[in-house]
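Summary of the model geometry
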Amino acid sequence: MSAKLWGGRFAREMAPELLGFHSSLPFDRRLYREDIEGSIAHARMLGRCGILTAEEARRLEEGLRQILEDWEGGRLDLAGREAEDIHSLVESLLVERVGEVGKKLHTARSRNDQVALDLRLYLKRALAGIAGQLRELEEVLLRLAEEHREVVLPGYTHLQPAQPVLLAHHLLAYFEMFLRDLDRLGDCYRRADVSPLGAGALAGVTFPIDREMTARELGFAAVAANSMDAVSDRDFAVEFLAAAALIMAHLSRFCEELVLWSAAEFGFVELDDAYATGSSIMPQKKNPDVPELIRGKAGRVYGHLMALLTVLKGLPLTYNKDLQEDKEALFDTVDTLRGCLGIFIPLLATLRFNAAAMRAATARGFLNATDVADYLARRGMPFREAHALVGRLVRSCLEAGRTLEDLTLEEWRAYSPLFAEDILEAVKLERCLAARDVPGGTAPQRVAEALAQARRRLAELVAARPGLFPAGKS
Ligand code: ARG
């Protein structure tokens, strides 16, 4: 049967091809739970405020609860049902179940405040799910950093060897990115946590409703202050897509490093067999398809962000059907993000780091050149001159196929009398690491402190965002 919500004003039937074109049911049916919960709160409020009798409200609530249970239990046969959207579908199911009184549900409500409500409820749940995954990822990073406290590798700029760093320091850089992401999701949650219900079509409703009651029952922190904004606003969805785009950017950069690091030329990591793939023709291959695919999916999420921004651009107040285009962008972003995190976490947790290969790589690339320039600068040579002198030294080493560690004191002193016995120590890898002894630096003691602080900061963030982490503390 058809569940058209309007018709009185129309003399002719809608063109049959229109239903398939404008129906959102194929994708908004996943909002069934939010839609029904919102309707239950609305019906209870109508009863409480005397807009419907207590008995009418009770029958509506009862019918809606049954529909929700049957839907969740897979007992509803929805095949062949035509409806414009999830809202009209639920209303028609209700009328079939409870009779005429079902037609009273939509008193003092519009699909415009209803759909905004459903989306906000949906997003709040999705945010909590994603936050849980990000927290798990953070814990894996902390564990790996802890377990690889001694491992050293080259740090790069322009993908050229630059200065030595601890692997733990490198991993904690990702910890920082994902901690900001978590924080952003928390901000996004706060702005999604506002109830639009009661805005009606756009201007408010003519019944004495209680907006606070529905907001409270549905777990919202506040009620939208302006009815016109309440039905037009999709900022919360854009903010989420932007936060999701950044999470994908961070995952993608990490994945890019895993692709590089697992290449034979680096050999810094090896993917567990369970998270790697082979070639149909080259028997020897072990390919990083999974990190590549995550890297690729970042593009898809960026696309959704751009799509929604473009949909919103230039829309006059208030509701316009263009807004229906928000859903697929939102849903696919949630699915993509959850899917990527769900695979990336175990991939990372099972990764094997090759400490020897990383260490060997630090012997190439003159990672200690800055330290030699710093050495001269500490002894009074202007840094710019020191830089030029060390540049010449590096060039002559390159020509002779030697490293700075190979030079004898006499050779050093031929370049500058400022060099003394201790230069032979100063160019050693461990000394170069330990010398970066500033807050946020890679000196082992600083990294140990950063690791302890990272644990604390994660726990604080979890405690400060009860919406994202409903179960509370760790
Ligand atoms: N399916 C619509 C959407 O997703 C629901 C709201 C429809 N409202 C309207 N006035 N046509 O936006």
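In what follows, the structure referred to is the one given above.
What comes next is a walk through the structure. This structure is a prediction, so every number in the text was calculated from the model and none was measured. (Residues numbered from 1 in each chain as written. Predicted model: local features only at pLDDT ≥ 70, side-chain atom pairs only at ≥ 80, totals over all residues. Heavy atoms only, no water.)

Focus: unusual backbone geometry
- Across the junction of Leu317 and Thr318, the peptide omega takes the value 0°, indicating a cis bond.
- At Ala108, a residue that is not glycine, the phi angle is positive and equals roughly 65°.
- You can see Ala108 is positioned in the loop between α5 (86–98) and α6 (111–147).
- Residues other than glycine seldom take positive phi values, yet Phe366 does so here, at roughly 55°.
- When you line up the elements, Phe366 lands in the loop between α13 (355–362) and α14 (369–378). (Helix = DSSP H or I, 4+ residues; strand = E, 2+ residues; numbered from the N terminus.)

Section: the site of the ligand
- Taken together, Ser24, Asp85, His87, Arg111, Asn112, Val115, Tyr319, Gln324 and Lys327 make up the full set of residues adjacent to the ligand.
- The side chain of Asp85 places a nitrogen or oxygen atom 3.3 Å from a nitrogen atom of the ligand.
- With three residues, the single largest contributor to the shell around the ligand is α6. (Near = heavy atom within 4 Å. Polar contact = N/O pair within 3.5 Å; in protein donor to acceptor, adjacent residues only side chain to side chain.)

Structural notes on the packing of aromatic side chains
- Evaluated as defined, the whole model comprises nine aromatic pairs.
- Measuring from ring centre to ring centre gives 3.9 Å for Tyr174 and Phe254, while their planes differ by 10°; the resulting arrangement is stacked. Placement of Tyr174 in helix α7 (residues 167–192) and of Phe254 in helix α10 (residues 235–262) is noted, with a sequence separation of 80 residues between them. Here Tyr174 and Phe254 have matching classes, each one buried.
- Between Phe266 and Phe268, the ring centres sit 5.2 Å apart and the planes meet at 90°, which makes this aromatic pair edge-to-face.
- With relative accessibility at 1%, the residue Phe268 sits in the buried group.
- The aromatic ring of Phe220 is capped on one face by Lys124, whose charged end is 4.3 Å from the ring centroid.
- Above the ring of Tyr375, the side-chain terminus of Arg379 is found at 3.6 Å from the ring centroid. (Phe/Tyr/Trp six-rings, centres within 6.5 Å; stacked < 30°, edge-to-face > 60°. Buried < 20%, exposed > 50% of the residue type's maximum accessible area, 1.4 Å probe, protein only. Lys NZ or Arg CZ within 6 Å of the ring centre and 35° of its normal.)

Observations concerning the side chain of Glu91
- One can find Glu91 in helix α5.
- Buried within the structure, Glu91 lacks any salt-bridge partner; Arg109 is the closest side chain of opposite charge, at an N-O distance of 5.1 Å.
- Apart from the residues within four sequence positions on either side, Glu91 is in contact with Leu5, Gly102 and His106. (Lys, Arg positive; Asp, Glu negative; His and termini not counted. Salt bridge = Lys/Arg side-chain N within 4 Å of Asp/Glu carboxyl O. Contact = heavy atoms within 4.5 Å.)

It is worth stressing that arrangement in space is one thing and function is another; only the former is reported here.
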